[in-house]
Amino acid sequence: MKTVFITAGLCVVLAATGCSGSEAATPSGPTGPASPVQLTNCGLPLGIGAPPKRSIALEQNATEIMLSLGLADRMVGTSYQTDPVLPQLRSAYEQVPVLAKLYPSREAVRAANPDFVYSTYSSAYAPDAAGSRADLVKLGVPAYLSPFACENAADAIPTVSFDRIFSEIRDIATVFGVPERGEKLIREQQGRLDTAGQRVHTAVPSTTGQSGAGPSLLWYYSGTTTPYVAGHGGVPDAVSSLLGARNAFTDVSQKWPAGNWEEIARRNPDVIVVADLTRGGDGDSAQSKIDFLRRNPVTSKLDAVVGGRVITVSGSSMDPSIRSVEAAELVAAGLRGFVR
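The notes below deal with the structure included here. In this convention, every chain numbers its residues from 1, walking through the sequence in written order. Two thresholds apply to this predicted model, a pLDDT of at least 70 for residue-level local features and 80 or more for giving and counting side-chain atom pairs, whereas whole-chain, interface and lining totals are computed over all residues. Side-chain measures here rest on the full set of heavy atoms in the structure, leaving out hydrogens and waters.

**Notes on the side chain of Asn41**
So, step 1. Counting through the fold element by element, Asn41 comes out in strand β2 (residues 37-41).
So, step 2. A polar contact is formed between the side chain of Asn41 and the side chain of Arg133, at a distance of 3.1 Å. A helix here means a DSSP run of H or I that spans at least four residues, while a strand means a run of E at least two residues long, and both kinds are numbered starting from the N terminus. Polar contacts, as used here, are pairs of N or O atoms within 3.5 Å; protein pairs need one atom able to donate a hydrogen and one able to accept it. Residues neighboring in sequence count only if both atoms are side-chain atoms.

**Topic: the nonpolar core**
So, step 1. Among the nonpolar cores identified, the biggest contains 62 residues, and Ile172 and Val331 are the most heavily contacted of them.
So, step 2. In terms of residues, this core owes the most to one element, helix α5 (residues 162-175), which gives seven residues.
So, step 3. With sequence-adjacent residues up to four places away left out, Ile172 is seen in contact with Met66, Leu69, Leu71, Phe116, Tyr118 and Tyr144.
So, step 4. To define a nonpolar core, start from buried Ala, Val, Leu, Ile, Met, Phe, Trp, Tyr and Cys residues and group those joined through side-chain atoms within 4.5 Å. The classification of residues rests on relative accessible area computed with a 1.4 Å probe and restricted to protein chains. Under 20% of the type maximum is buried, over 50% is exposed, and intermediate values are partly exposed. Listed in part, the 19 residues of the second largest apolar core include Ile56, Val109, Val117 and Val141. Residue contacts follow a heavy-atom distance rule, with two residues in contact if any of their heavy atoms lie within 4.5 Å.

**Details of the environment of Val306**
So, step 1. Mapping Val306 onto the fold places it in helix α11 (residues 303-306).
So, step 2. Using a relative accessible area of 64% as the deciding quantity, one classes Val306 as exposed.
So, step 3. Through-space distance from the C-alpha of Val306 to that of Leu293 is 9.7 Å; in sequence the pair is 13 residues apart.
So, step 4. Leaving out residues up to four positions away in the same chain, Val306 has contacts with Ser300 and Lys301.

**Regarding the layout of surface pockets**
So, step 1. The pocket and cavity definitions rest on a 1 Å grid over protein atoms only: a 1.4 Å probe that fits but cannot leave marks a cavity, an open set with protein on both sides within 12 Å along at least five of seven lines marks a pocket, and residues lining either have an atom within 4 Å of a point. Grid points are joined across faces, edges and corners, and a volume is the space filled by probe spheres set on the points. Here the second largest pocket is characterised by a volume of approximately 270 Å³.
So, step 2. In terms of lining residues, the second largest pocket is bounded by 13 residues, among which Ser68, Gln88, Leu185, Arg192 and Ile322 are the most central.
So, step 3. Broken down by element, the residue count for the lining of the second largest pocket peaks at six residues, all from helix α6 (residues 179-201).
So, step 4. Here the residues of the lining of the second largest pocket are counted per class, giving four nonpolar, three polar and six charged. When residues are grouped by polarity, Ala, Val, Leu, Ile, Met, Phe, Trp, Tyr, Cys and Pro land in nonpolar, Asp, Glu, Lys and Arg in charged, and all others, Gly among them, in polar.

**Describing the pattern of salt bridges**
So, step 1. Any carboxyl oxygen of Asp or Glu that lies within 4 Å of a side-chain nitrogen of Lys or Arg is treated as forming a salt bridge with it. A full pass over the atoms with the stated rule returns seven salt bridges.
So, step 2. For Arg170, the salt bridge identified is with Glu183, shortest N-O distance 2.6 Å. Of the two residues, Arg170 is situated in helix α5 and Glu183 in helix α6; the sequence distance between them amounts to 13 residues.
So, step 3. Given a relative accessible area of 29%, Glu183 falls into the partly exposed group.
So, step 4. Among the salt bridges present, the one from Glu263 reaches Arg267, with a minimum N-O distance of 2.7 Å. Of this pair, Glu263 and Arg267 both sit in helix α9 (residues 261-267), four residues apart, which is roughly one turn of the helix.
So, step 5. With relative accessibility at 24%, the residue Arg267 sits in the partly exposed group.

Here is the structure:
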């Protein structure tokens, strides 16, 4: 979560053909599409004449998707690392120039002479960051934005799902002419999800002691004075549903609403999932959250805190990304452990 989550639709078409939904165009061979690819991405038409060779990923989730597809040799820049890079991607990451600690400026982006720019957050395309996607397109640089973060809410897909995350992976693989890598990565991720779901379903009923009911999960992202928690429609909902659990605040329409401890105490979740963030703010790290929960007069009485039912996941995994599968695995493992 950067600030606010919105979602969007994506349609990918070949220049000579049409498509519906969010299906990506299929290249004719392993070296890339036989014809230019035309994208309508978050309402903005993009034209890609050939698989990009000088791309920039503007933040970590986009970077890790590209690295997972084996595209380090097609990247001339990355930026905004919020967590340690996944161990299996570290050597590939070290091959890519880091343009800025946070977002690069428009000047830095243009100096890298990219032929494709990708972000999973709309904030990367702010005027004081890389500049608008429309401006980049005018310069001949296709600028792709995740279908979960379109600038215009009217383009939004309202609910995050793993299928939609996989569609984004498929889109990027198609743009770069490596569809087989995309399908392999999706199969691996789906297999991990299937395993996580199978393992936890038999454990769920014992957690609450309620017949047929799964545990309620509070997804605690950041803040102590004002806690930010997961509402409806984001990755936490998708993971909770997969595992036969329920997001304690799924009735709140915002994906990341500002909560309050009195209401959290009233709902008294069975399990608390805390985000481990590395940015250093109040209540960002997992340990700072856990310490707060234990010492605060209100939260220290929560059943989950008293019972030690707290699970830690990376902050990035609560965003739509290849790390979201890891969140499902960690929560599944935690739930299994609580009922032994």
